[in-house]
Amino acid sequence: MKPQRAFAFATVCSLLLGIGGMRASPSPTERVGEIQKALQAAKIDGWLFYDFRGSDPLALRILKLDEHAVGTRRWFLFVPATGECVKIVHRIEPAKLDALPGKRQEYSSWKEQHALLRAALNAGNKKPRIAMQYSPMNDVPYMSKVDAGTIELVRSFGVDVVTSAELVQQFEAVWSPEQLQTHIEASDKMHRIFFDAFAEIARRIRANEATTEYDIEQFIIRRWHEEGMGGEHDDAIVSVNANTANPHYTPKKEAALPIRRGDFVLFDLASKLRTPGAVFTDQTWTGYVGETVPEEYTKIFNIVRDARDAAVEFVRQNVRAGKSIRGADVDDVSRGVITRAGYGENFTHRTGHSIGEEVHGNGVNIDNFETRDSRRITTGVCFSIEPGIYLPGKFGVRSEIDVYVRDKDIEVTGQPIQTAIVPILKLQ
């Protein structure tokens with residue numbers, strides 16, 4: 001965890017691998033061509049992009065537009081499955097979409113705008129199916145970038161508005177081979193940094209050197225920078241004892257708890273290489289400041305580990321079998337393990353999230369709890385699986401790994417993954 005619908009796409013996903021995702025940036029013109037191929041494969045008549053004062057950052061990213069495309073007036077771009085794009089812009093800001101191909105049409109009044117939009121959307125089919133950035137019933141709020149009034153307006157033109165969630169996933173969350181390599185490299189480095197941090201705790205304890213959560217967080221950030229990872233505003237979840245029951249806890253220098261013998265420690269670390277286009281790795285490990293881990297911690301960890309592994313195995317079996325599954329399905333599997341163990345009420349967040357150039361990406365989340373994520377798990381995406389059990393005032397356990405989906409299998413990165421709580425004072 002970090003403080004930060006569906007069409008029949010099962011056969012479409014592999015077709016999109018070569019054209020979508022977070023690869024080396026195509027030009028805006030090339031991107032439009034990619035979008036049209038995706039629309040044809042999905043049997044959708046068009047994709048309507050809309051922005052008002054930066055209301056849809058996804059539109060800018062997918063269309064490969066820079067911040068200069070954001071203006072003070074509304075614009076629309078209609079990308080049909082075939083044929084010429086239509087750019088509808090205000091006369092006082094006519095150049096906002098000039099980087100894109102297509103016919104530019106200008107308006108001044110709202111009546112002109114409505115007439116142009118109606119004509120563009122109804123050029124072909126009687127009731128065209130048009131994708132927009134919205135989510136039915138707000139099931140996937142990350143996709144809800146178009147306001148309800150604009151959706152009502154478009155529907156008033158006889159249009160069947162469908163969610164663009166699956167399309168967005170293909171263009172925002174499918175990794176290139178180069179990005180996968182940045183993730184693997186960062187994951188391997190992160191694994192070493194976890195054990196460097198555990199060893200640093202052991203060193204300080206043995207030397208009777210006072211240390212706090214904040215001290216170890218700063219140690220981790222220094223190690224990131226030494227490994228070519230991180231950025232200007234890094235932070236890490238380093239928590240001890242009761243603070244581990246707060247999934248989004250980050251230490252502050254003035255209020256950080258000390259770390260002593262007999263303490264339970266949780267690290268949740270997310271970072272990436274400092275190279276263009278790099279994607280995140282995001283992992284969570286737990287340790288105990290002693291040589292033998294008490295049963296109360298081991299019991300909870302084992303339940304969480306089993307929930308994590310059940311979710312991984314569910315994804316693996318279905319991907320190998322070529323079966324279509326959704327993020328919500330995976331969450332149900334993981335949550336079911338914890339619920340059957342009697343701790344359902346103590347699992348207070350989704351099972352996992354999409355991972356990309358941001359630690360929380362724009363692909364499918366492993367979630368049927370906070371949201372109802374019906375996006376499909378497709379080739380080329382990556383997500384975390386991180387179930388947890390939190391006992392307020394006592395401690396919390398989370399175990400997080402990253403899963404990358406290949407064509408006919410999955411890869412769990414950052415090996416070896418955690419299978420037992422680390423007895424920190426046994427480390428040499």
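Residues numbered from 1 in each chain as written. Predicted model: local features only at pLDDT ≥ 70, side-chain atom pairs only at ≥ 80, totals over all residues. Heavy atoms only, no water.

Enquirer: Would you take a moment to explain the overall build of the protein for this structure?
Expert: A count of helices and strands for the protein gives ten helices and 15 strands. Here the C-alpha atoms of the protein give a radius of gyration of 24 Å, agreeing with the 22 Å that 2.2 N^0.38 yields for 428 residues. Looking at the protein residue by residue over its 428 residues, the buried ones come to 57%. Accessible surface for the protein amounts to roughly 17500 Å². Of this, 50% is attributable to carbon and sulfur atoms. Side chains of the protein give 54 positive and 57 negative charges; the mean places of these two sets differ by 4 Å. (Helix = DSSP H or I, 4+ residues; strand = E, 2+ residues; numbered from the N terminus. Rg over C-alpha atoms; globule rule 2.2 N^0.38 Å. Buried < 20%, exposed > 50% of the residue type's maximum accessible area, 1.4 Å probe, protein only. Areas by Shrake-Rupley, 256 points an atom, 1.4 Å probe, with all protein chains shown as cover. Lys, Arg positive; Asp, Glu negative; His and termini not counted. Charge placed at Lys NZ, Arg CZ, Asp CG, Glu CD.)

Enquirer: Quick question: what am I supposed to make of the pattern of salt bridges here?
Expert: Close approach of charged atoms allows side chains of opposite charge to pair. With the rule as written, the count across this model stands at 27 salt bridges. For Glu227, the salt bridge identified is with Lys189, shortest N-O distance 3.9 Å. Linking Glu227 in the loop between helix 8 (213-226) and strand 7 (237-240) with Lys189 in helix 7 (residues 177-206), this pair joins segments that are 38 residues apart in sequence. Among the residues examined, Glu227 registers a relative accessible area of 19% and is labelled buried. On the basis of relative accessible area, Lys189 is assigned to the buried category, the value being 13%. With a closest N to O distance of 2.9 Å, Arg316 and Glu313 form a salt bridge. Of the two residues, Arg316 and Glu313 are both situated in helix 9 (residues 295-321); the distance of three residues between them amounts to about one turn of the helix. (Salt bridge = Lys/Arg side-chain N within 4 Å of Asp/Glu carboxyl O.)

Enquirer: Honestly, the side chain of Asp282 in this entry has me stumped. Any pointers?
Expert: Of note, Asp282 is situated in strand 9 (residues 281-288). Asp282 sits in the buried class, given a relative accessible area of 0%. A distance of 2.9 Å separates a polar atom in the side chain of Asp282 from a polar atom in the side chain of His353. (Polar contact = N/O pair within 3.5 Å; in protein donor to acceptor, adjacent residues only side chain to side chain.)

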